[in-house]
Amino acid sequence: QVQLVESGGGLVQAGGSLRLSCAASGRTFSSYDMGWFRQAPGKEREFVAAISRSGGSTYYGDSVKGRFTISRDNAKNTVNLQMNSLKAEDTAVYYCAAKAYAMTSAVLTTAQRYDYWGQGTQVTVSS
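Residues numbered from 1 in each chain as written. Predicted model: local features only at pLDDT ≥ 70, side-chain atom pairs only at ≥ 80, totals over all residues. Heavy atoms only, no water.

Student: A description of the state of the cysteines should follow, citing residues and the corresponding values.
Tutor: Applying the stated criterion to the full structure yields one disulfide. With a sulfur-sulfur separation of 2.1 Å, Cys 22 is cross-linked through a disulfide to Cys 96. Across the S-S bond linking Cys 22 and Cys 96, the dihedral sits near -80°, which makes this disulfide left-handed. Pair noted here: Cys 22 is in strand S3 (residues 18-24) and Cys 96 is in strand S9 (residues 92-100), with a separation of 74 residues, a long-range link. (Disulfide = S-S within 2.5 Å. Helix = DSSP H or I, 4+ residues; strand = E, 2+ residues; numbered from the N terminus.)

Quick look at the structure:
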């Protein structure tokens, strides 16, 4: 069992930055590939970024490439999402998710394949 708690959301102006963090419980954090997803009102949950168990591989959704950076610290059981050059369209609830031993990158981009989810943190970008 893994419990995930996101933090770092808030209100920021367009062009600004935010750093989201996700703290995971348990001693097997390094066994999970981690992802960030977001969901805006009236829209489906969208893949944002993912990182492999070791942190050696990262994946990004097209809409955030070059602006967002995912990282993890297995010693601290945390995964972070640095968000720069924020746009109004980045406004959403951001969720952290954990997937045990994802075999392919395609798994990591699919919300339904994840095993555990956090409660989400709101990010609002004002234009």
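After presenting the structure, the write-up continues.
Student: Got a sec to walk through the pairing of strand S11 (residues 121-126)? Specific residues and values, please.
Tutor: With burial as the criterion, only one face of S11 is covered, namely that bearing Thr 121, Val 123 and Val 125; the residues Gln 122, Thr 124 and Ser 126 on the opposite face remain uncovered. Pairing of strand S2 (residues 10-13) with S11, which is carried by four bridges, proceeds in the parallel orientation. Across the sheet, residue Gln 13 finds its bridge partner in S11, namely Ser 126. Sheet topology note: the S9/S11 ladder contains three bridges and is antiparallel. (Buried < 20%, exposed > 50% of the residue type's maximum accessible area, 1.4 Å probe, protein only. Pairing = 2+ DSSP bridges.)

Student: Go over the pairing of strand S7 (residues 68-73) with me, naming the residues and quoting the values.
Tutor: Side chains Phe 68, Ile 70 and Arg 72 project from S7 onto a buried face, and the interleaved Thr 69, Ser 71 and Asp 73 project onto a face without burial. In this sheet, strand S8 (residues 78-83) lies alongside S7 in antiparallel orientation, the contact comprising six bridges. In the sheet register, Asp 73 faces S8, and the bridge partner there is Thr 78.

Student: Run through the pattern of salt bridges, naming residues and quoting values.
Tutor: For the structure on display, the rule yields six salt bridges. Of the charged contacts in the structure, one is a salt bridge between Glu 46 and Arg 38, with a shortest N-O distance of 2.8 Å. The class of Arg 38 is buried, set by a relative accessible area of 5%. One salt bridge in this structure joins Arg 67 and Asp 90, with 2.7 Å as the shortest N-O distance. (Salt bridge = Lys/Arg side-chain N within 4 Å of Asp/Glu carboxyl O.)

Student: With reference to specific residues and values, describe the packing of aromatic side chains.
Tutor: A complete count under the given rule lists six aromatic pairs for this structure. A ring pair is formed by Tyr 32 and Tyr 116, whose centres lie 6.0 Å apart and whose planes are at 70°; its orientation type is edge-to-face. Taken as a pair, Tyr 32 in strand S4 (residues 32-39) and Tyr 116 in strand S10 (residues 116-117) lie far apart in primary sequence, 84 residues in all. When its relative accessible area of 10% is taken as the criterion, Tyr 32 is described as buried. Through a chain of ring-to-ring contacts, the aromatic side chains of Phe 37, Phe 47, Tyr 95, Tyr 114 and Trp 117 assemble into a single cluster. The ring centre of Trp 117 lies 4.7 Å from the NZ or CZ of Arg 45, which sits over that ring. (Phe/Tyr/Trp six-rings, centres within 6.5 Å; stacked < 30°, edge-to-face > 60°. Lys NZ or Arg CZ within 6 Å of the ring centre and 35° of its normal.)

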